Amino acid sequence: MAVYVDNMHLTEMGRFGPYRMCHMLADTTEELLAMADRIGMDHKWIQKAGTVHEHFDIPTYRRRMAVLYGAIEITMIEAGRIVSARRKAPGNTYAAPVRAGARRAGGGDGSK
């Protein structure tokens, strides 16, 4: 599964009241929703569904859970690169390249 969690929680932008938040994104909607289920996120909380910007905003305790379930830790800059690559992909699909050095399970084509 290629699910990613960024490090926004380490920045001032990641502060939301008493919580420290980050983004969780994935190579496909299916992978994103499967991880959301594993860490107890309701599907209605998805942000920008169906777009190249599709993600969940998650608090740090759920981030830790996602990492335990195999999510790949990335920087906010890397998250931006993933979204940018999606935007530039032929047909503007939800396909996103895996960052250098990251392991990817499954090997699907990344399409919806």
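The structure under discussion appears in the preceding block.
Nothing here was measured: the structure is a model prediction, and the numbers come from that model.

*Asks:* Would you explain unusual backbone geometry in this entry?
*Replies:* Note on backbone geometry: most residues besides glycine have negative phi, and most peptide bonds are trans. The phi torsion at Lys-48 lies on the positive side, around 55 degrees, for a residue other than glycine. Relative to the helices and strands, Lys-48 is located in the loop between helix 1 (29-38) and strand 4 (56-59). Its relative accessible area of 53% is what places Lys-48 among the exposed residues.

*Asks:* Could you clarify how one ought to interpret helix 1 in this entry?
*Replies:* Every α-helix winds through 3.6 residues per turn, so residues three or four apart in the chain are directed the same way. Buried residues of helix 1: Thr-29, Glu-31, Leu-32, Met-35 and Ala-36, and no others. The buried side chains of helix 1 occupy one side of the element, clustering within an arc of 165 degrees when seen end-on. Those residues of helix 1 that are buried are in contact with strand 1 (3-5), strand 3 (19-26), strand 4 and helix 2 (60-68). The first or second residue beyond helix 1 is Gly-40, which carries a positive phi of 80 degrees.

*Asks:* Explain the pairing of strand 3 here, please?
*Replies:* Each regular strand carries side chains that alternate between the two faces of the sheet. As paired strands, strand 1 and strand 3 are joined by three bridges and run antiparallel to one another. Across the sheet, residue Val-3 finds its bridge partner in strand 3, namely Ala-26. Sheet topology note: the strand 2 (residues 15-16)/strand 3 ladder contains two bridges and is antiparallel. Across the sheet, Arg-15 pairs through a bridge with Arg-20, a residue of strand 3.

*Asks:* Quick question: what am I supposed to make of the pattern of salt bridges here?
*Replies:* As a working rule, side chains carrying opposite charge can pair if their charged atoms are close by. As enumerated under the stated definition, the model contains two salt bridges in all. In this structure, the salt-bridge partner of Arg-15 is Glu-12, at a minimum N-O distance of 3.2 Å. On the basis of relative accessible area, Arg-15 is assigned to the partly exposed category, the value being 47%. Overall, the relative accessible area of 58% leaves Glu-12 in the exposed class.

Definitions and cut-offs
Residues numbered from 1 in each chain as written. Predicted model: local features only at pLDDT ≥ 70, side-chain atom pairs only at ≥ 80, totals over all residues. Heavy atoms only, no water. Helix = DSSP H or I, 4+ residues; strand = E, 2+ residues; numbered from the N terminus. Buried < 20%, exposed > 50% of the residue type's maximum accessible area, 1.4 Å probe, protein only. Arc of directions from axis to C-beta. Contact = heavy atoms within 4.5 Å. Pairing = 2+ DSSP bridges. Salt bridge = Lys/Arg side-chain N within 4 Å of Asp/Glu carboxyl O.

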